[in-house]
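Structure assessment
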Amino acid sequence: QFLHEVVLVDDKSELEHLHQRLEDELKKPYYAKVKLVRNQEREGLIRARNNGAVAATGEVVVFLDAHCEVAYNWLPPLLAPIYEDRTTLSVPVIDGINWDDFSIKPVYAKGSHSRGIFEWGMLYKEGTLPAKEAAKSSHHSEPYNAPTHAGGLFAIDRTWFEELGWYDSGLWVWGAENFELSFKVWMCGGRSVWVPCSRVSHVYRGHSCSSCGSGTLTNKFKGVPTTLRNYKRVVEVWFDDEYKEFFYTREPLAKLIDMGDISQQLKLKEEKNCKSFDWFMTEIAYDVFDKYPKLPPNKYWGELKNEATQTCLDSMGKHPPTEIGNGGCHGGGGYQMMMLNTEGQLVNGEWCVKADGQDKITLVWCDMGKTDGPWKFLTDTQQMRHTKYDRCLALHPETRQLVLLACDENNLYHKWQWATITPPWART
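Attention in this report is confined to the structure presented alongside it. (Residues numbered from 1 in each chain as written. Predicted model: local features only at pLDDT ≥ 70, side-chain atom pairs only at ≥ 80, totals over all residues. Heavy atoms only, no water.)

1. Details of the state of the cysteines
Formally, a disulfide is one covalent bond, and it connects the sulfur atom of one cysteine to the sulfur atom of another. So the rule is basically this: Disulfides are defined as pairs of cysteine sulfur atoms found within 2.5 Å of each other. Secondary structure elements are taken from DSSP: a helix is a run of H or I of four residues or more, a strand is a run of E of two residues or more, and numbering for both begins at the N terminus. Classification of residues uses two cut-offs on accessible area relative to the type maximum, computed with a 1.4 Å probe and protein chains only: under 20% is buried, over 50% is exposed, and between them is partly exposed.
The final tally for this structure, using the stated rule, is four disulfides. The side chain of Cys-312 participates in a disulfide bridge whose partner is Cys-329; the two sulfur atoms lie 2.0 Å from each other. Its S-S torsion of approximately 100° makes the covalent link between Cys-312 and Cys-329 right-handed. Linking Cys-312 in strand E13 (residues 311-314) with Cys-329 in the loop between strand E15 (325-328) and strand E16 (338-341), this pair joins segments that are 17 residues apart in sequence. Classification of Cys-329 by relative accessible area gives partly exposed; the value is 29%. Each sulfur of the disulfide joining Cys-352 and Cys-366 lies 2.1 Å from the other. Taking the torsion about the S-S bond as the criterion, the Cys-352 to Cys-366 disulfide, at about 105°, is right-handed. Of this pair, Cys-352 sits in strand E18 (residues 351-356) while Cys-366 sits in the loop between strand E19 (360-365) and strand E20 (375-378), and the two are 14 residues apart along the sequence.

Below you can see the structure in the form of C-alpha cells.
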C-alpha cells in the first residue's frame with residue numbers, strides 16, 4: 001500500500017557475496033521493487049545515503065540501516081507527521097537486537113519518552129522529554145519535538161530533503177550528519193519529531209568487524225580525524241560565534257583542521273533565511289543546558305607532563321570510573337589531552353579528574369550541569385593544587401601512582417608543565 005521501492009546502496013563492499021551473488025538474487029520476481037545502487041568508490045555512510053536518496057523516486061525517503069527489523073504497523077505512524085507537514089523529519093523509537101541471538105529488547109523504559117540532544121564536543125546524547133514538550137500532546141502516544149536524533153533511522157519528504165541540499169556532501173564516512181540535518185531542518189523552517197507508535201529494532205554489534213575496512217577512504221585526509229573534521233564543518237556553518245567557542249573549548253585540536261569549502265552550505269543558510277543557532281537553543285534544544293551548560297574557556301590545555309618522570313597524565317583508554325594513570329608522552333592528544341578551565345574543572349574530554357580523599361586520583365563522569373572544579377594550576381611553582389584539600393597532585397616516587405600530597409615546591413614529583421599538543425596530521 002505504501003511501499004514504492006527499496007533502494008539498496010552498496011558502498012563498494014569488499015564482501016564477496018554482495019557482488020554477483022547479490023545481483024543474481026535480486027533477479028528473483030519477489031525483489032521487483034528493489035533497486036541496487038553501487039558506489040564506484042568507497043564514499044562512506046553519509047554520501048552513500050545521499051546517493052540512495054538521489055536515486056530514489058518515491059515521495060518520502062525512509063532511511064534504515066541494513067541491520068534493522070521493523071515492527072508491526074511501523075510505517076503509517078512514521079509517515080503521518082510528514083503528511084500533516086511535509087517539512088517534518090520523522091524518527092521511529094529504536095529498540096535493540098542482540099547480535100548473538102537476534103532477540104529484541106526495548107532500549108527505553110515502558111511508558112517513557114526520550115529525545116536526542118548533544119554535548120559541546122558534539123557527542124550524541126539523549127534526555128527525558130521535558131514537561132514543556134509533553135504538555136503539548138493530548139495523548140501520550142503522539143509524536144513530539146526532538147532537537148536531534150541518532151542518525152540512522154528516519155523518514156523525510158524527498159523534495160524537502162533536496163531543498164535542504166541533502167546531507168552536506170563535504171561530510172565524509174560517518175559522524176555529524178545527524179546534527180547537520182537536524183539543525184537545518186529546524187533552523188530553516190521545518191521540524192523534527194520522534195514517533196512513539198513507530199518501532200524499529202537495530203542490531204548493536206557486540207564484537208569488532210573484520211570486514212569493515214575503509215577501503216580507499218583509509219587515508220583520504222592524511223590522518224586528520226574524519227569525524228572531527230565533519231563536526232567542524234557543521235559547527236562553522238550552523239553555530240553562532242558564541243556557541244562555536246564551546247565546541248573549540250571541548251575540542252581545541254579542531255582549530256588545526258582544514259574543513260574544506262563550506263560556501264555552498266552558508267549560501268543555503270542565507271537563501272533560506274534560516275534562524276540563528278541561539279534561536280534553536282532557546283526554543284528547541286533548551287534542555288541541553290540542563291546537562292551541558294555553556295562552557296567557560298580553557299585556561300590551559302595540552303599534555304600535563306610530570307617534571308620528575310617526563311610522563312604525561314593519561315586516561316589509558318579506560319572508561320570511568322577508573323584510576324587515571326601516566327604514560328610516555330606521545331604528542332597526539334586523545335587520552336593525554338587534558339584541559340583545565342577557568343572555573344577549576346580538569347577534564348579529559350567529557351571525563352573529570354577527581355580526588356577521592358587524598359590518596360586516590362580517579363577519572364569520573366563530570367557532574368551533569370556543572371562546569372566548576374577544585375583544581376588550580378600555580379604557574380610560579382608549576383603545581384596543580386586541589387583547593388578543597390589544600391594539597392597538590394603528585395606522582396608517588398615509588399609506585400608512580402597519582403596521589404595528593406602536602407605541596408612541596410622543591411619536589412619534582414609535585415611539579416607539572418603544560419605541553420602543546422600537535423598531532424602528526426598537523427605537523428606538515
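2. Some thoughts on the packing of aromatic side chains
Quick reminder of the rule: Pairing of aromatic side chains here covers Phe, Tyr and the six-membered ring of Trp, requires ring centres within 6.5 Å, and sorts the geometry by plane angle: under 30 degrees stacked, over 60 edge-to-face, intermediate tilted.
Using the criterion set out here, one finds 26 aromatic pairs in the structure. Geometrically, the ring pair formed by Phe-118 and Trp-120 is edge-to-face, given 5.9 Å between the ring centres and 85° between the ring planes. As far as the burial class goes, Phe-118 and Trp-120 line up, both buried. With a centroid separation of 6.2 Å and an interplanar angle of 80°, the aromatic rings of Phe-377 and Trp-418 are classed as edge-to-face.

3. Comments concerning the packing of helix H7 (residues 226-238) against helix H8 (residues 241-250)
Here is the rule we go by: In this description, a line fitted to the C-alpha atoms serves as the axis of each element, helices being fitted only across the stretch in contact, and the angle between N-to-C directions of two axes falls anywhere from 0 to 180 degrees. With respect to orientation, any angle under 35 degrees is reported as roughly parallel, any angle over 145 as roughly antiparallel, any angle of 65 to 115 as roughly perpendicular, and every other angle as oblique. A crossing counts as left-handed when the near helix is turned anticlockwise from the far one by less than a right angle, and as right-handed when that turn is clockwise. Note on contacts: a residue pair qualifies if any of its non-hydrogen atoms lie within 4.5 Å across the two residues. Ten residues, namely Ala, Val, Leu, Ile, Met, Phe, Trp, Tyr, Cys and Pro, are considered nonpolar, four, namely Asp, Glu, Lys and Arg, are considered charged, and the remaining ones, Gly among them, are considered polar.
Direction vectors running N to C along H7 and H8 enclose 165°, while the axes themselves pass 10 Å from each other. By the angle between their axes, H7 is roughly antiparallel relative to H8. The way H7 lies across H8 gives a crossing that is left-handed. Along its contact with H7, which presents Leu-228, Tyr-231, Lys-232, Val-235 and Glu-236, the element H8 presents Lys-244, Phe-247 and Tyr-248. Broken down by class, the residue content of the contact of H7 with H8 amounts to five nonpolar, no polar and three charged.

4. Focus: the pairing of strand E21 (residues 383-386)
The criterion, for reference: Strand pairing requires that DSSP identify at least two bridges connecting the strands.
Relative to E21, E20 is paired through four bridges, and the arrangement is antiparallel. Counterpart to Leu-378 in the pairing with E21 is Gln-383. Bridge count for E21 against strand E22 (residues 391-395) is two bridges, and the pairing is antiparallel. Note on E22: the bridge partner recorded for His-386 is Arg-391. Counting the residues between successive antiparallel strands, the hairpin from E21 to E22 contains four residues, one of them, Asp-390, with a positive phi of roughly 55°.

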